[in-house]
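Structural description and commentary
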Amino acid sequence: MTAPPGLQAEDRPDFERALHQALRTAEIRAALRRNGATGDADIQRLRSQALVASKLIATAAAPEYAAYLRQRAAAAATTASTASTAPAASVRSGSPTPAAGVRGLLPVLAVLTPALAGASTAAFLLLGGLLGLLDSQRELADALLTAGLTSATIAAFTLVVGAACLLVTAVRHRTPAPDPRPRPRPRSRPRPRPHGRLRLHRHPPTRPPHLGHRVDAAVATARDAWLRALLHRGILPFLRDRLERSHSPSRTSRVQSEESSQKSERGTT
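I will try to describe carefully the structure that is included in this document. (Residues numbered from 1 in each chain as written. Predicted model: local features only at pLDDT ≥ 70, side-chain atom pairs only at ≥ 80, totals over all residues. Heavy atoms only, no water.)

Quick look at a nonpolar patch on the surface now. Residues L126, L127, L130, L133 and L134 make up a contiguous nonpolar surface patch of roughly 530 Å² in combined accessible area. For L126, the location among the structural elements is in helix α6 (residues 98–132). On the accessibility criterion, L126 (55% relative accessible area) is exposed. (Patch = residues over 30% accessible without salt bridge, like charges linked within 9 Å, V, L, I, M, F, W, Y side chains within 5 Å. Areas by Shrake-Rupley, 256 points an atom, 1.4 Å probe, with all protein chains shown as cover. Salt bridge = Lys/Arg side-chain N within 4 Å of Asp/Glu carboxyl O. Helix = DSSP H or I, 4+ residues; strand = E, 2+ residues; numbered from the N terminus. Buried < 20%, exposed > 50% of the residue type's maximum accessible area, 1.4 Å probe, protein only.)

See the structure below:
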């Protein structure tokens, strides 16, 4: 796998910092002084030339840059997978269990069952009494009266069971009455001051600490290797080449001719 041409947008600041570091080295400063370019304008011109040729300079450290991109992509994938599984785990931990749902349904049934049984008892007895007045519907009236008595029995039984369940629930969840007598306050002992800085409680990390440190260390190592290769194999050779080209023979001969003319003028005087 080879690195893509040029640099990604988020890596441009690293390139500019490496270029700034190269321009401040003693070797480049001495070469600028030999060429007579000691002003800020000459340094900025050399910096602009390096920025224009950043794609060519970056190819000198292409293997290290490709390894850095692989490590960064793997770290991003690990972070995304951990972040996607964390909400699911929190939802699973906060979801109610079936046993809790059954326990919450029992009080409702204890209240509704006697009410429904009582309503059906009243309906059966009323219809049975009305139909009992008619001789032709005597059998149906007897069946309705029997059903009403059965519903009355069920209502009474469920009422007793529901009252017992509600009583047990109330006893289980009641809070003890406060003690009116004042309690003596215990003497507080002075806490020893911890040595060094205080430790603050931080939120739990979204990924395991050992995994996060290992991934971050791999990315940082790959980035340092790429920056070293970019500086020593890309930026510094480019700056040396530009400085050698600027120090052309025509300029050297012009300087020598000026020096010889100054010496001749001194000799005549």
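With 12 residues, helix α1 (residues 12–23) should reach 16 Å at 1.5 Å per residue; the first-to-last C-alpha distance of 17 Å fits that figure. Restricting attention to buried positions, one finds in α1 the residues D14, F15, A18, L19, A22 and L23. (Expected span 1.5 Å × (residues − 1).)

A few words now on the packing of aromatic side chains. The final tally for this structure, using the stated rule, is two aromatic pairs. Residues Y65 and W226 carry aromatic rings whose centres are separated by 5.0 Å and whose planes lie at 40 degrees to one another, so their mutual orientation is tilted. With Y65 in helix α5 (residues 62–94) and W226 in helix α8 (residues 209–246), the pair connects residues that are 161 residues apart, well separated along the chain. Each of the two residues, Y65 as well as W226, counts as buried. For the ring pair Y68 and W226, a centre distance of 5.7 Å and an interplane angle of 10 degrees mean the geometry is stacked. Linking Y68 in helix α5 with W226 in helix α8, this pair joins segments that are 158 residues apart in sequence. The exposure class assigned to W226 is buried, which follows from its relative accessible area of 0%. The rings of Y65, Y68 and W226 are connected pair by pair, giving a single aromatic cluster. (Phe/Tyr/Trp six-rings, centres within 6.5 Å; stacked < 30°, edge-to-face > 60°.)

Positionally, D11 belongs in the segment before α1. Of the residues examined, D11 reaches a relative accessible area of 1% and is grouped as buried. In this structure the side chain of D11 is engaged in a polar contact, spanning 2.8 Å, whose partner is the side chain of R72. D11 has contacts with Y65, Y68, L69, R72 and W226, leaving out every residue within four places of it along the chain. (Polar contact = N/O pair within 3.5 Å; in protein donor to acceptor, adjacent residues only side chain to side chain. Contact = heavy atoms within 4.5 Å.)

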